[in-house]
Amino acid sequence: MALLEGRLPVAANALAHGHAADCASCRTLLVALAHSDALPAEACAAESVPVEHGRFPVWAATVPGATWKPPVQLDEFRLERLLGRGGMGAVYLARDTLVDRRVALKLCVALQPDAGTLASFAMEAHAIARIKHPNVVTMYRAGEIDGRPYLVYEHVEGKSLAELRPPLPWQRVLDIAVGLSRGLRAAHERGVLHRDLKPGNAILTPDGAVKLLDFGLATFVGSGRSPLLAVPGVVGTPRYMAPETRLGASATPQSDFYALGLMLFELCTGRASFMRHASPSAFRLEGGAGMRARVSELVPGIDPGFAAAIGCCLAEDPAERFAQADALCAVLEHVARSGLHPVASSQLFPSQSALLPGLGLPPPEGGSPREVAQAGMGL
Ligand SMILES: Nc1ncnc2c1ncn2[C@@H]1O[C@H](COP(=O)(O)OP(=O)(O)OP(=O)(O)O)[C@@H](O)[C@H]1O
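What you see is a predicted model, and the numbers here were worked out from it, not measured in a lab.

Calculation criteria
- Residues numbered from 1 in each chain as written.
- Predicted model: local features only at pLDDT ≥ 70, side-chain atom pairs only at ≥ 80, totals over all residues.
- Heavy atoms only, no water.
- Pairing = 2+ DSSP bridges.
- Helix = DSSP H or I, 4+ residues; strand = E, 2+ residues; numbered from the N terminus.
- Contact = heavy atoms within 4.5 Å.
- Axes fitted to C-alpha atoms, helices over the stretch in contact; angles between N-to-C directions.
- UniProt positions renumbered as here; feature names shortened; annotations may be inferred.
- Polar contact = N/O pair within 3.5 Å; in protein donor to acceptor, adjacent residues only side chain to side chain.
- Buried < 20%, exposed > 50% of the residue type's maximum accessible area, 1.4 Å probe, protein only.
- Core = buried A, V, L, I, M, F, W, Y, C linked by side-chain atoms within 4.5 Å.
- Domains from an automatic or database assignment.
- Expected span 1.5 Å × (residues − 1).
- pLDDT = per-residue confidence, 0-100.

(A) How the structure looks around the sheet that holds strand β9 (residues 202-204). Here we have 3 strands laid out as an open sheet, ordered β7-β9-β10, and antiparallel in their pairing. Edge positions in the sheet fall to β7 (159-160) and β10 (210-212), since each of these pairs with one other strand and no more. Sheet topology note: the β7/β9 ladder contains 2 bridges and is antiparallel. If you follow Ser160 over to β9, its bridge partner there is Ile203. Here helix α5 (residues 170-189) sits on the sheet and contacts β9 and β10; the angle it forms with β10, its principal contact strand, is near 35°.

(B) Local environment of the UniProt feature "binding site: ATP" (unreviewed entry) in the protein chain. Mapped onto this structure's residue numbering, the UniProt feature "binding site: ATP" (unreviewed entry) falls at Lys106. Here Lys106 shows up in strand β4 (residues 101-107). Polar contacts involving the side chain of Lys106 include one to the side chain of Glu124, which spans 3.1 Å.

(C) Just the pairing of strand β6 (residues 148-154), in detail. Within β6, 7 of the 7 residues are buried, leaving the element largely enclosed by the surrounding structure. Pairing between β4 and β6: 5 bridges, direction antiparallel. Bridge pairing in β6 places Leu107 opposite Tyr150. Linking two consecutive strands that pair antiparallel, namely strand β5 (residues 139-145) and β6, is a turn of 2 residues; a positive phi of about 50° is found at Asp146 within it.

(D) The nonpolar core, seen in detail. Judged by nonpolar contacts, the single largest core of 70 residues is most densely connected at Leu161, Ile176, Leu180, Phe215, Phe306 and Phe322. A domain split of this core shows at least three residues from each of domain 1 (73-154) and domain 2 (159-218 + 237-339). Beyond its immediate chain neighbours, meaning those up to four positions away, Leu161 contacts Ile176, Leu180, Pro199, Ala202, Leu204, Val210, Met263 and Leu267.

(E) Up close: α5. Counted at 1.5 Å a residue, the expected span for α5 with its 20 residues is 28 Å, and the 28 Å between its end C-alpha atoms agrees. For α5, the buried fraction is high: 15 of the 20 residues fall into the buried class. Remark: Gly191 follows α5 within two positions and exhibits a positive phi of approximately 80°.

(F) The arrangement of the confidence of the model for the protein chain in detail. Averaged over every residue, the pLDDT of the protein chain is 75; the share at 70 or more is 63%. Considering only residues more than four positions removed or in separate chains, one finds that residues 223-232, a stretch of pLDDT under 50, has 17 contacts. Low confidence marks residues 275-285, where pLDDT is under 50. Its contacts with residues over four positions away, or in another chain, come to 20 contacts. Interface predicted TM-score (ipTM) for the complex: 0.95; the corresponding pTM is 0.74.

(G) Representation of unusual backbone geometry within the structure. Cis rather than trans, the peptide bond between Pro166 and Pro167 has omega equal to 5°. Summarising the element assignment, Pro167 is placed in the loop between β7 and α5. Notably, Asp100 is not glycine yet its phi reads approximately 55°, a positive angle. Locating Asp100 in the fold gives a position in the loop between β3 (90-96) and β4. Using a relative accessible area of 54% as the deciding quantity, one classes Asp100 as exposed. Phi angles above zero are rare outside glycine, and Asp146 is one such case at about 50°. If you trace the backbone, Asp146 turns up in the loop between β5 and β6.

Below is the structure:
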């Protein structure tokens, strides 16, 4: 637990991870523990450490003390304060002195950046540069200082979803879900898989918009373009990885949907979605239909179409999840539009929302989660 909670001394920490990198059973144990609902999300160190099968590719950058200190003035950017440290580097609030605006500057702070870290920065820049969408953070430019890459982003005011205190009213989560799915659709349409969707990688702005961030583990698919710069192997944050990717399968749009479904489940219910069993190796996920029923049970009055969409994202078999982000968006937008529970006036609490009947969507019984979520919508 000390390891997962980041309480081990640096040397012991590095030793433990060095061992886990080569030991499949310890890795499995760590992943299972990271999924334990006994661990609050913010206390889970493994959450912020991208894991690659067989090794922890960016570990050196996460060891406290082993980092390079950037100058206060970096090209035209003046660093104001550290916003946070992630697996790939550090993110600073900075001012672009040329145009006098705030930016978020993500900088590689490894003492000796390795090829994997450099490739990840390059990949992030290539991925994000392709996507222009209000629900995805905008990158202004990429640069380099002392052989270390940096990326300059719009500074998004607000709170990350990890800072919210779930459970939230389901109407509010639906609003967030629509934004996230639109951002994800924009990424997938450009052939970009996010591969690290989690509450810490989405920011909710004061006006209620949500933006996806941190494409540091992104990769390209289905675009006819070779994934030249992709991080090889299985990567992601254990807690939000789909069952098949944890077992070694490549990431797909469906593994992104799984992570999104998990975020929505947690926001609606305030609970981790994993069932606890006697031994860590016996941890298992509930399937899509089970999750749909569980969401409905835990969130009284939730729109059945919304519960079905979350269940569909969380189906254990990726073939049972949404086929494309377009379909997921269409379902969520339909539910949000259905009129009796406008998302704009979404400050209702679940107990009040039980008064609002669902509209136009089929009952949750019958059919696969995907069929239930998509039925009646011409999808
Ligand atoms: N464009 C941005 N605007 C505002 N805050 C940002 C922006 N980009 C990142 N941040 C914040 O900076 C912090 C660090 O972000 P970063 O993505 O590097 O790390 P992380 O999400 O904490 O870790 P990980 O690498 O595991 O995803 C987070 O608190 C994040 O919310």
